[in-house]
Amino acid sequence: MSDNPMPAKLEDKLFLLKITRDDHSHIEILSNDVCLRCEEKWCTKTCPAEVYHWEGDHIVVSYENCIECGACRMICPYNNISCVMPRGGFGVQYKFG
Ligand code: SF4
Ligand code: SF4
């Protein structure tokens, strides 16, 4: 039997990150028309920080929660997300691991 505690939940790990929020988004949806035709909306299901939400007829981007993992750029089948590094001094800081 292992004495290891249960692995931390993702929400617990995200809580350990330090994010310096910028007032300028480093993420942009290139075409809302493309999102309207996108049935799966993979960005809303893939981002570990829940940055993308479908509200009514468009994607809302909570860029300030981004942990810069890069998954959204790879998962969008229409290459419809521009996600660059935040400006210097802003963004996520990993304190553990
Ligand atoms: S996966 Fe891409 S095209 Fe689909 S909703 Fe998200 S950003 Fe839009
Ligand atoms: S880079 Fe990662 S955390 Fe940031 S929006 Fe894309 S999937 Fe979400």
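Anything mentioned here points back to the structure above.
Right, let's walk through the structure included here. Counting starts from 1 at the beginning of each chain's written sequence and moves along it residue by residue. Numbering of ligands from 1 and lettering of chains from A proceed in the order in which they are written. Only residues with pLDDT of at least 70 get local features here, since the model is predicted, and only at 80 or more are side-chain atom pairs given and counted; chain-wide, interface and lining totals rely on the full set of residues. Heavy atoms throughout the structure, all of them, feed into the side-chain values; hydrogens and water do not.

Near ligand 1 there are 13 residues, and of these Cys 35, Cys 38, Cys 43, Cys 76 and Ile 81 occur at the shortest range. Comment: elements are numbered from the N terminus, with helices defined as DSSP H or I runs of at least four residues and strands as E runs of at least two. Elements with a contribution of two residues or more to the shell around ligand 1: helix 2 (32–37) and helix 3 (42–46). Residues that form the shell around ligand 1 fall into these classes: eleven nonpolar, one polar and one charged. For this description, a residue counts as near a given molecule or strand if any of its non-hydrogen atoms is within 4 Å of it. Residues are grouped as follows: nonpolar covers Ala, Val, Leu, Ile, Met, Phe, Trp, Tyr, Cys and Pro; charged covers Asp, Glu, Lys and Arg; every other residue, Gly included, is treated as polar.

Let us now look at the site of ligand 2. Looking at ligand 2, the residues that line it are Ile 27, Cys 47, Pro 48, Val 51, Tyr 52, Cys 66, Ile 67, Glu 68, Cys 69, Gly 70, Ala 71 and Cys 72. Here the shell around ligand 2 is composed, by residue class, of ten nonpolar, one polar and one charged.

The next thing to look at is the environment of Glu 68. Structurally, the position occupied by Glu 68 is in the loop between strand 4 (58–61) and helix 4 (71–75). Of note is the side chain of Glu 68, whose polar atom sits 2.9 Å from the backbone nitrogen of Val 92. Under the rule applied, a polar contact is a pair of N or O atoms within 3.5 Å (in protein, one hydrogen donor and one hydrogen acceptor; residues adjacent in sequence only if both atoms are side-chain atoms).

Function cannot be inferred from these measures alone, as they are strictly geometric.
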